[in-house]
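# Overview (structure and organization)
Chain by chain, the residues:
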Amino acid sequence: MMMIRRFEEESARNYAKGKIGGFLHLYIGQEAIAVAAAEVLEDRDYIFQTYRDHGIALARGMSAKSAMAELFGKDTGCSRGLGGSMHFFDVERGFLGGWGIVGGHLALAAGTAFKSKYSGEDSVTVCFFGDGSTNIGGFHEAMSLAGLWKLPVVFVCENNQYAMGTPLERTSPLKDLSVKAKGYGMVGDRFDGHDVEVVQERIGAAVDRARAGGGPTFIEILTYRFRGHSMSDPAKYRSRTELEQRKAQDPVVLVRDRLLGLGVDENALDDIDLEVDEEIDAAVRFAEDSEPALEEVMMSTVLAPEGDS
Amino acid sequence: MRELRYREALREAMFEEMERDDRVFLMGEEVGHYQGAYKVSEGLLDKYGERRVIDTPIAEAGFAGVGIGAAMVGLRPIIEFMTWNFSFVAFDQIISNAAKVHQMSAGEIQVPIVFRGPNGAAKQVASQHSHSAAPFYTHIPGLYVIQPSTPRDAKGLLKSAIRSNNPVVFLEGETLYGVQGEVPDEGVEELIPIGQSRLARTGTDCTIVTWGRPYYTVLAAAEKLAAEGIECEVIDPRTLRPLDTALMVESVKKTNRCVVVHEHWPYGGPGAEIVDRLQREAFDYLDAPLERVTGLDVPMPYALNLEDKVLPTEGRVIDAVKRVSYSK
Ligand SMILES: Cc1ncc(C[n+]2csc(CCOP(=O)(O)OP(=O)(O)O)c2C)c(N)n1
Ligand SMILES: [Mg+2]
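Since the model is a prediction, treat every value here as computed from it, not as a measurement.

Of regular secondary structure, chain A possesses twelve helices and eight strands. Over its C-alpha trace chain A gives a radius of gyration of 19 Å, about what one expects of a compact globule, namely 19 Å for 309 residues. Seen through its principal axes, chain A has C-alpha atoms that stretch 60 × 50 × 40 Å. For chain A, buried positions account for 56% of its 309 residues. Taking as baseline every contact in chain A between residues at least 6 positions apart, the subset at least 24 positions apart corresponds to 72%. Surface exposure of chain A reaches about 13,400 Å², of which carbon and sulfur atoms provide 52%. For chain A, the distance from the average site of its 33 positive side-chain charges to the average site of its 49 negative ones is 6 Å.

All names here are of chain B. Inspection of the entire model under this criterion finds 23 aromatic pairs over all chains. Their ring planes at 10° and their centres at 5.9 Å tell us that Phe81 and Phe115 sit as a pair that is stacked. Here Phe115 lies in strand E5 (residues 114–119) and Phe81 lies in the loop between strand E4 (76–80) and helix H4 (91–98), a separation of 34 residues in the sequence. For Phe81, a relative accessible area of 0% corresponds to the buried category. Their ring planes at 65° and their centres at 5.3 Å tell us that Trp84 and Tyr137 sit as a pair that is edge-to-face.

This part is about the nonpolar core. If you look at the biggest cluster of nonpolar residues, it comprises 58 residues, and the most contacted ones within it are Val154 and Ile203 of chain A. Other than its neighbours up to four places away in sequence, Ile203 of chain A contacts Ile33, Ala37, Val40, Phe191, Ile219 and Ile221 of chain A. Listed in part, the 43 residues of the second largest apolar core include Ala71, Tyr137, Ile235 and Val249 of chain B.

To continue, consider the sheet that holds strand E4 (residues 153–159) of chain A. Residues and elements named next belong to chain A. Taken in spatial order, the six strands make up an open sheet running E2-E1-E3-E4-E8-E7, and their pairing is parallel. The open sheet is flanked by strand E2 (95–99) and strand E7 (187–192), the only strands paired with a single partner. Shown here is a sheet whose adjacent strand axes are inclined to one another by a mean of 15°, direction ignored. The pairing of strand E3 (residues 125–130) with E4 spans six bridges and is parallel. Bridge pairing in E4 places Gly130 opposite Glu158. Where helix H8 (residues 196–211) meets the sheet, it contacts E3, E4, E7 and strand E8 (217–222), and its direction lies at approximately 170° from that of E7.

Let us now look at the site of ligand 1. Every one of the 21 residues lining ligand 1 counts as a neighbour, but Tyr51, Arg52, Gly100 and Gly132 of chain A together with Glu60 of chain B are closest to it. Chains contributing residues to the immediate surroundings of ligand 1 are chains A and B. Within the contact set of ligand 1, an oxygen atom lies 2.7 Å away from a side-chain nitrogen or oxygen of Tyr51 of chain A.

A word on the coordination of the magnesium ion (ligand 2). All names here are of chain A. Within the protein, the atoms that donate to the magnesium ion (ligand 2) are Asp131 (OD), Asn160 (OD1) and Tyr162 (O), at distances of 2.0 to 2.1 Å. Mapped onto the sequence, the donors of the magnesium ion (ligand 2) take the spacing D-x28-N-x1-Y. Separated by 29 residues along the polypeptide, Asp131 in the loop between E3 and helix H6 (137–148) and Asn160 in the loop between E4 and strand E5 (162–163) bring together distant segments of the chain. Judged by relative accessible area, Asp131 falls into the buried class, the value being 1%. By relative accessible area, Asn160 is classed as buried at 5%.

So, on to the interface of chain B and chain A. In this assembly, 29 residues from chain B lie in contact with 37 residues from chain A. Its largest share of buried area at the contact with chain A, chain B owes to Ile58, Gln128 and Tyr302 of chain B, together 26% of the area lost on that side. Counting the contacts that link chain B with chain A gives two salt bridges. Between Arg170 of chain A and Asp55 of chain B there is a salt bridge, with its nearest N and O atoms 3.2 Å apart. At the surface where chain B touches chain A, the tally comes to twelve residue pairs in polar contact (both at pLDDT 80 or more).

That bond from Arg241 of chain B to Pro242 of chain B is cis: its omega, 0°, falls within 30 degrees of zero. When you line up the elements, Pro242 of chain B lands in the loop between strand E12 (239–241) and helix H9 (246–255). Positive phi, close to 50°, is recorded for Lys150 of chain A, a residue that is not glycine. Summarising the element assignment, Lys150 of chain A is placed in the loop between H6 and E4. Phi angles above zero are rare outside glycine, and Ala106 of chain B is one such case at about 55°. With respect to the secondary-structure elements, Ala106 of chain B resides in the loop between helix H5 (101–104) and E5.

What follows covers helix H1 (residues 6–20) of chain B. Taking 1.5 Å of rise per residue, 15 residues should cover 21 Å, and H1 of chain B covers 21 Å from first to last C-alpha, within 8% of that figure. Inspection of H1 of chain B places Tyr6, Ala9, Leu10, Arg11, Glu12, Ala13, Met14, Glu17 and Met18 of chain B among the buried residues, and these make up the whole buried set.

We now examine the sheet that holds strand E10 (residues 206–210) of chain B. Residues and elements named next belong to chain B. Strand order in the open sheet formed by five strands is E9-E11-E10-E13-E14, with mixed pairing between adjacent strands. Here the strands that pair on one side only, and so sit at the sheet edges, are strand E9 (198–201) and strand E14 (291–293). Taken over all neighbouring pairs, the strand axes of this sheet differ in orientation by 25° on average, direction set aside. Pairing of E10 with strand E13 (residues 258–261), which is carried by four bridges, proceeds in the parallel orientation. Paired with Thr210 across the bridge in E13 is Val261.

A separate point is the domain arrangement of chain B. All names here are of chain B. Taken as a whole, chain B is organised into domain 1 (2–183) and domain 2 (198–324). The distance between the C-alpha centroids of domain 1 and domain 2 comes to 26 Å. Opposite the 33 residues of domain 1 that make contact, domain 2 presents 25 residues. Summed over both sides, the interface between domain 1 and domain 2 buries roughly 2,200 Å², with carbon and sulfur atoms accounting for 56% of that surface. Of all residues in domain 1, Gln124, Gln147 and Ser149 bury the most surface against domain 2, accounting for 25% of the area lost on that side.

Bringing the pattern of salt bridges into the picture now. Residue and element names in this part refer to chain B. Tallying each qualifying case throughout the model produces 52 salt bridges over all chains. Residue Arg198 pairs with Asp236 through a salt bridge whose shortest N-O separation is 3.5 Å. Here Arg198 is found in strand E9, whereas its partner Asp236 is found in strand E11 (residues 232–236), with 38 residues between them in sequence. Here Arg198 matches Asp236 in class, with each residue buried. One salt bridge in this structure joins Glu223 and Arg201, with 3.2 Å as the shortest N-O distance. Residue Glu223 is found in helix H8 (residues 214–227), and its partner Arg201 is found in strand E9; the two are separated by 22 residues along the sequence. The exposure class of Arg201 is buried, given its relative accessible area of 14%.

Quick look at the state of the cysteines now. Enumeration according to the criterion identifies zero disulfides over all chains in this entry. Cys206 of chain B takes part in no disulfide bond, and the closest cysteine sulfur, belonging to Cys232 of chain B, lies 4.9 Å away.

Moving on: the environment of Glu242 of chain A. Residues and elements named next belong to chain A. Among the secondary structure elements, Glu242 is positioned in helix H9 (residues 240–247). By relative accessible area, which is 24% here, Glu242 ends up partly exposed. Filtering out sequence-adjacent residues up to four positions away, Glu242 remains in contact with Tyr162 and Tyr224.

Reading guide: rules and limits
Residues numbered from 1 in each chain as written. Chains lettered and ligands numbered in written order. Predicted model: local features only at pLDDT ≥ 70, side-chain atom pairs only at ≥ 80, totals over all residues. Heavy atoms only, no water. Helix = DSSP H or I, 4+ residues; strand = E, 2+ residues; numbered from the N terminus. Rg over C-alpha atoms; globule rule 2.2 N^0.38 Å. Buried < 20%, exposed > 50% of the residue type's maximum accessible area, 1.4 Å probe, protein only. Contact = heavy atoms within 4.5 Å. Areas by Shrake-Rupley, 256 points an atom, 1.4 Å probe, with all protein chains shown as cover. Lys, Arg positive; Asp, Glu negative; His and termini not counted. Charge placed at Lys NZ, Arg CZ, Asp CG, Glu CD. Phe/Tyr/Trp six-rings, centres within 6.5 Å; stacked < 30°, edge-to-face > 60°. Core = buried A, V, L, I, M, F, W, Y, C linked by side-chain atoms within 4.5 Å. Pairing = 2+ DSSP bridges. Axes fitted to C-alpha atoms, helices over the stretch in contact; angles between N-to-C directions. Near = heavy atom within 4 Å. Polar contact = N/O pair within 3.5 Å; in protein donor to acceptor, adjacent residues only side chain to side chain. Donors = N, O, S within 2.8 Å, 3.2 Å for Na, K, Ca; no water. Buried area = accessible area lost by both parts, 1.4 Å probe. Salt bridge = Lys/Arg side-chain N within 4 Å of Asp/Glu carboxyl O. Expected span 1.5 Å × (residues − 1). Domains from an automatic or database assignment. Disulfide = S-S within 2.5 Å.

Structure follows, in structure tokens:
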């Protein structure tokens, strides 16, 4: 969790310096969800995320170097500088992308789950998306098919209360989005996302069910982003008090306090923080020193090579 | 005349048309309380309230369809796509419904609707967010497609689009919103007709047809070429469907050469359409094959060094003009 937090803070700094361009959506405040999900998944499982994709990529084991180099538009980045912040990929680790069009990747997740079922494999797909994504057609169609065919997929709605500048009460007549599960014939669940242990247990249950052939789950996790929607959003639509209240439930602080409460030596935690800082510094140096993205890669990857089907 | 930014010119057009006609309303994501993702609709909610300035959930196919339905029975919606990239989930509504129903109903049903929003690459927003949408929509009979380059054209054409009785695809530019230019004074109403090209620069040596963001690249290139003694005439079609080639043909008769510069991909689209028409309509006057400078034929990469290569550059424009001029 510390790694994600520091990575995102460092990304913001480098965005301000002009080292990173385009859209940059930070995961600060939501870390417990990615970390918990990564914990319950197996190597053979698949993951999809929106453009807010740094957290889950790092949690899944992508190196900070590879992630930072991508943000810097370098050939050593996880998408070789072609994708940027919104389009991280780490196929080896089953991380099948950061996707930019709201709702567009949900059916893809049903598709990888379809493959698992088709091939008789027990891999599971977890698909993340925001509260704002539950109104678009892509959501409905993916949920319909996954429910009908009992696909091994877990749909995780990270309800951070806002779709860009619009609060949930102005995008949905529902307070509880998890009731939608019923309409697709799948199990629904809903819980707070700041306690990593709770998230781990509940996502774990859904993943186990999917793996055992029990079909898909729709989970709504209540969370909050501490920064604006992206770097260009000053987030004037919410009050300081609201933000402060939410920050009092910072998942990173919560986990640290819990560890201290359990008797973990504070120095040991500080050492972890230091290690993380060093790793992030090294990632920035690596990104700086790497070669810019290559024209040859851009040209040669438009289509896949033919011949070995 | 006074100077306005492109975004302010669009905003004025919406204010004026909403003032004039209660049937006109604005609908889209973040258009109201947030004052517009790119601040084009700033102030509209305060003035016209939630009845006429309507924030939607992320549901493009839904609110495009709501707009079309409302237009079929007499309202005059302005539907804002946060960017045209997101219109693709509403493609079916625009293509199968908005563009078809007038003829399908033997002229019984009109669809006076405007779909508008920023189009094309911004800066480093990568492949899913950098589409130049003109070719997709210019292909469709039953639609008008407008892509204004200057604040004045933006205002005058948006006003005409709102008053049109047909569905209009109105392509703005994120990188153009801050561009300043002359716009008629307050109280002076200017409606720029849909389907008319505009002469943007006079010259005798080579005609350049261009629109959107490359318009500014071309004007800068034309200055550099002028310094070398090559005077370019620049024509902005402004409306891409229907396409007005009259000015272009007139110009080519004088210059005998032509380069078409656009951001969209080279395969088809209005760029190829213009070349096709000019080679027929001005065949006898051409001293060189028509050339095009286009966005490269690849999905847009994130990295800035590559994005700069993909988008049309001054250098590529200058080279193309020199090639058709057989000069070095
Ligand atoms: C189809 C589509 N429409 C609009 C957008 C622009 N957009 C990007 S993110 C976003 C808000 C999404 O909110 P939510 O689903 O809650 O996810 P969050 O960003 O809060 O994680 C919008 C409107 C888009 N990317 N795709
Ligand atoms: Mg959200």
